[in-house]
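Working through the structure, step by step
These are the residues of each chain, in order.
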Amino acid sequence: MPITTEQLRTALADLNGQRDVHFEFEHAEQCRVRKALLVPVEEDRIVKLTDGTCEYLVDAQRVTWVEIGPPTGP
């Protein structure tokens, strides 16, 4: 069963720029966002994270797993 946008947003709600997030998507595609912050809900309702430099748009229905952990470096 795919993760919904609301479920993913809830799981990422505590991100405060102090933790890294590692996603794996269908077909083993991966993405890591260092020191991630969850962007507040916008009109488009897309889940977005930022590392302070870039924004990452996440297709919740393609996520197969998420690892939320401590920063791995500066």
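Reading the values: rules and limits
- Residues numbered from 1 in each chain as written.
- Predicted model: local features only at pLDDT ≥ 70, side-chain atom pairs only at ≥ 80, totals over all residues.
- Heavy atoms only, no water.
- pLDDT = per-residue confidence, 0-100.
- Helix = DSSP H or I, 4+ residues; strand = E, 2+ residues; numbered from the N terminus.
- Phe/Tyr/Trp six-rings, centres within 6.5 Å; stacked < 30°, edge-to-face > 60°.
- Buried < 20%, exposed > 50% of the residue type's maximum accessible area, 1.4 Å probe, protein only.
- Core = buried A, V, L, I, M, F, W, Y, C linked by side-chain atoms within 4.5 Å.
- Contact = heavy atoms within 4.5 Å.
- Salt bridge = Lys/Arg side-chain N within 4 Å of Asp/Glu carboxyl O.
- Pairing = 2+ DSSP bridges.

**Things to note about the confidence of the model for the chain**
Atomic detail in the predicted coordinates should be set aside for any region of low pLDDT. Scored by pLDDT, the chain has a mean of 92; 96% of the residues are at 70 or more. Per-element mean pLDDT across the chain ranges from 94 in strand S6 (residues 63-69) up to 97 in strand S4 (residues 47-50).

**Focus: the packing of aromatic side chains**
By the definition in use, this model includes one aromatic pair. Seen from their ring centres, Phe23 and Phe25 are 5.8 Å apart, and the 25 degrees between their planes marks the pair as stacked. Phe25 gets classed as buried once you look at its relative accessible area, which sits at 12%.

**Here's the deal with the nonpolar core**
Membership of the largest hydrophobic core comes to 14 residues, with the highest contact counts inside it found for Leu8, Leu12, Phe23, Leu49 and Val58. Contributions of two or more residues to this core are made by helix H1 (5-12), strand S1 (20-25) and S4. When residues of this core are assigned to their parent elements, the largest contribution, three residues, is made by S1. Excluding residues that lie within four positions of it along the chain, Phe23 makes contacts with Leu8, Leu12, Glu29, Gln30, Cys31, Leu49, Val58, Val63, Trp65 and Val66.

**Regarding the pattern of salt bridges**
Summed over the entire model, instances satisfying the criterion amount to five salt bridges. Of the charged contacts, one joins Arg62 and Glu26 as a salt bridge, the two residues approaching to 3.6 Å between their closest N and O atoms. With Arg62 in the loop between strand S5 (55-58) and S6 and Glu26 in the loop between S1 and strand S2 (30-33), this residue pair connects regions lying 36 residues apart in the sequence. Salt-bridge contacts for Lys48 lead to Asp44; the nearest nitrogen and oxygen are separated by 2.8 Å. The exposure class of Asp44 is partly exposed, given its relative accessible area of 41%.

**With respect to the pairing of S1**
With respect to burial, S1 is a largely interior element, six of its six residues being buried. Alignment of S1 against S6, held across six bridges, turns out to be antiparallel. Note on S6: the bridge partner recorded for Asp20 is Gly69.

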